[in-house]
Amino acid sequence: MITLDDPRHGTNPGYIAGCREDCCRTAHRDEGRDRRRHPSPLTPAIGVHRRIQALHRLGWSGTALSKHAGHTQFWVQQILKQDRVTQATAAKIVALYDELSMTWCTDTWASRTAAAARARGWAPPLAWDDEDLDNPDATPYASQEPIDIDDVVVDRVLAGEWHLPTTKAERAEVCRRWYATGRSLTDLSRLTGWKPERYFRACDEVAA
């Protein structure tokens, strides 16, 4: 249940989040009436899909994004199944992307979400120029030259962001750089929760 100081209170997202007070009920009823009177024209969903996929690469699951936008948990999953979406939906996803495209998700399943998105070949936000996201003929930089190690991720982990989603190759590179400066792998294990010995052979492969 949302609280009185929640910014969603008195809005349709507040109703969707579970509030059944009169103000949220009224907002929900009014929005439904407006949608029936003035249906939004549909627009191609390719840019919407690319933005959702890019946020998945940062660990933002469909459920997490839906919740963040004030919708039911399957809202984003349903959007990914649609070839065309309303302009209102597209605007919401653009706003969500603008807010979160430089932020790693810290939810429990974020690493798994990011790994699954990488396995599907979905490009992260940094692989896109904003003006290309809605261009069906544009391709992300990452699809032109696949990169196993994201140096930005490695640098951020070494700077202290220990719980960022990382690939095996990125963990190996973190271990290699950490060890190369003479620091203890035991300390790295304590900070990250990893088992550096699991990646130590991979360190040699990365360095080769």
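Residues numbered from 1 in each chain as written. Predicted model: local features only at pLDDT ≥ 70, side-chain atom pairs only at ≥ 80, totals over all residues. Heavy atoms only, no water.

**Some thoughts on the overall build of the chain**
(1) Moving on: Along its length, the chain carries 12 helices and 2 strands.
(2) Moving on: Look at the contacts in the chain between residues 6 or more apart in sequence, and 57% of them connect residues 24 or more apart.
(3) Moving on: Total accessible area on the chain is roughly 12500 Å²; 50% of this is exposed by carbon and sulfur atoms. (Helix = DSSP H or I, 4+ residues; strand = E, 2+ residues; numbered from the N terminus. Contact = heavy atoms within 4.5 Å. Areas by Shrake-Rupley, 256 points an atom, 1.4 Å probe, with all protein chains shown as cover.)

**Regarding the confidence of the model for the chain**
(1) Moving on: With 86% of its residues at a pLDDT of 70 or more, the chain shows a mean pLDDT of 82.
(2) Moving on: For residues 202-208, every residue scores under 50 in pLDDT, and the model assigns this stretch 10 contacts once sequence neighbours within four places are set aside. (pLDDT = per-residue confidence, 0-100.)

**Description of the environment of Gly32**
(1) Moving on: Relative to the elements of secondary structure, Gly32 occurs in helix α2 (residues 22-37).
(2) Moving on: By relative accessible area, which is 8% here, Gly32 ends up buried.
(3) Moving on: Each C-alpha atom, one on Gly32 and one on Asn12, is 9.2 Å from the other, the two residues being 20 residues apart in sequence. (Buried < 20%, exposed > 50% of the residue type's maximum accessible area, 1.4 Å probe, protein only.)

**Description of the packing of helix α10 (residues 168-180) against helix α11 (residues 185-192)**
(1) Moving on: Running from N to C, α10 and α11 point in directions that differ by 135°, and their axes come no closer than 10 Å. As summarised for this structure, α10 and α11 are arranged oblique, according to the angle between their axes. Here α10 runs over α11; the crossing is right-handed. Taken together, the residues of α11 that come into contact with α10 (itself represented by Val174, Cys175, Trp178 and Tyr179) are Leu185, Asp187, Leu188 and Leu191.
(2) Moving on: When its residues are assigned to classes, the contact of α10 with α11 shows 7 nonpolar, no polar and 1 charged. (Axes fitted to C-alpha atoms, helices over the stretch in contact; angles between N-to-C directions. Parallel < 35°, antiparallel > 145°, perpendicular 65-115°, else oblique. Left-handed = near helix turned anticlockwise from the far one by under 90°. Nonpolar A, V, L, I, M, F, W, Y, C, P; charged D, E, K, R; others polar.)

**Concerning α11**
Along an α-helix, a turn takes 3.6 residues, which lines up residues three or four apart on a common side.
(1) Moving on: Here α11 has its buried residues at Leu185, Leu188 and Thr192. On an axial view of α11, the arc spanned by its buried residues comes to 50°, and they lie on one face. Turned more than 90 degrees from where α11 packs its buried face, Thr186 and Arg190 sit exposed.
(2) Moving on: A side-chain oxygen of the first residue of α11 lies 3.0 Å from the backbone nitrogen of Thr186; this N-cap is Ser184.
(3) Moving on: In the stretch just after α11, Gly193 is the one whose phi turns positive, near 80°. (Arc of directions from axis to C-beta. Polar contact = N/O pair within 3.5 Å; in protein donor to acceptor, adjacent residues only side chain to side chain.)

**Focus: the packing of aromatic side chains**
(1) Moving on: Inspection of every chain in the model, using the stated rule, returns 1 aromatic pair.
(2) Moving on: Judged by centre distance (6.0 Å) and plane angle (75°), the rings of Trp162 and Trp178 are edge-to-face. In this pair, Trp162 sits in the loop between α9 (151-158) and α10 while Trp178 sits in helix α10, placing the two residues 16 residues apart along the sequence. Each member of the pair, Trp162 as well as Trp178, carries the same accessibility label: buried.
(3) Moving on: Positioned over the ring face of Tyr97 is Arg51, at 5.8 Å from the centre of the ring.
(4) Moving on: In this arrangement the basic side chain of Arg183 is found over the ring face of Trp178, its NZ or CZ atom lying 4.0 Å from the centre. (Phe/Tyr/Trp six-rings, centres within 6.5 Å; stacked < 30°, edge-to-face > 60°. Lys NZ or Arg CZ within 6 Å of the ring centre and 35° of its normal.)

**Considerations on the environment of Leu126**
(1) Moving on: The topology assignment puts Leu126 in the loop between α7 (110-119) and α8 (141-144).
(2) Moving on: For Leu126, a relative accessible area of 58% translates into the label exposed.

**Description of the pattern of salt bridges**
(1) Moving on: Summed over all chains, the structure comprises 6 salt bridges.
(2) Moving on: A salt bridge links Asp134 to Arg51, with the nearest nitrogen and oxygen atoms 3.0 Å apart. Here Asp134 is found in the loop between α7 and α8, whereas its partner Arg51 is found in helix α3 (residues 46-57), with 83 residues between them in sequence.
(3) Moving on: Among the residues examined, Asp134 registers a relative accessible area of 46% and is labelled partly exposed.
(4) Moving on: Judged by relative accessible area, Arg51 falls into the buried class, the value being 6%.
(5) Moving on: Note that Arg156 and Glu161 form a salt bridge whose closest N and O atoms lie 2.8 Å from each other.
(6) Moving on: Judged by relative accessible area, which is 34%, Glu161 ranks as partly exposed.
(7) Moving on: Each member of the salt-bridge network shares a partner with another, and the members are Asp155, Glu173 and Arg177. (Salt bridge = Lys/Arg side-chain N within 4 Å of Asp/Glu carboxyl O.)

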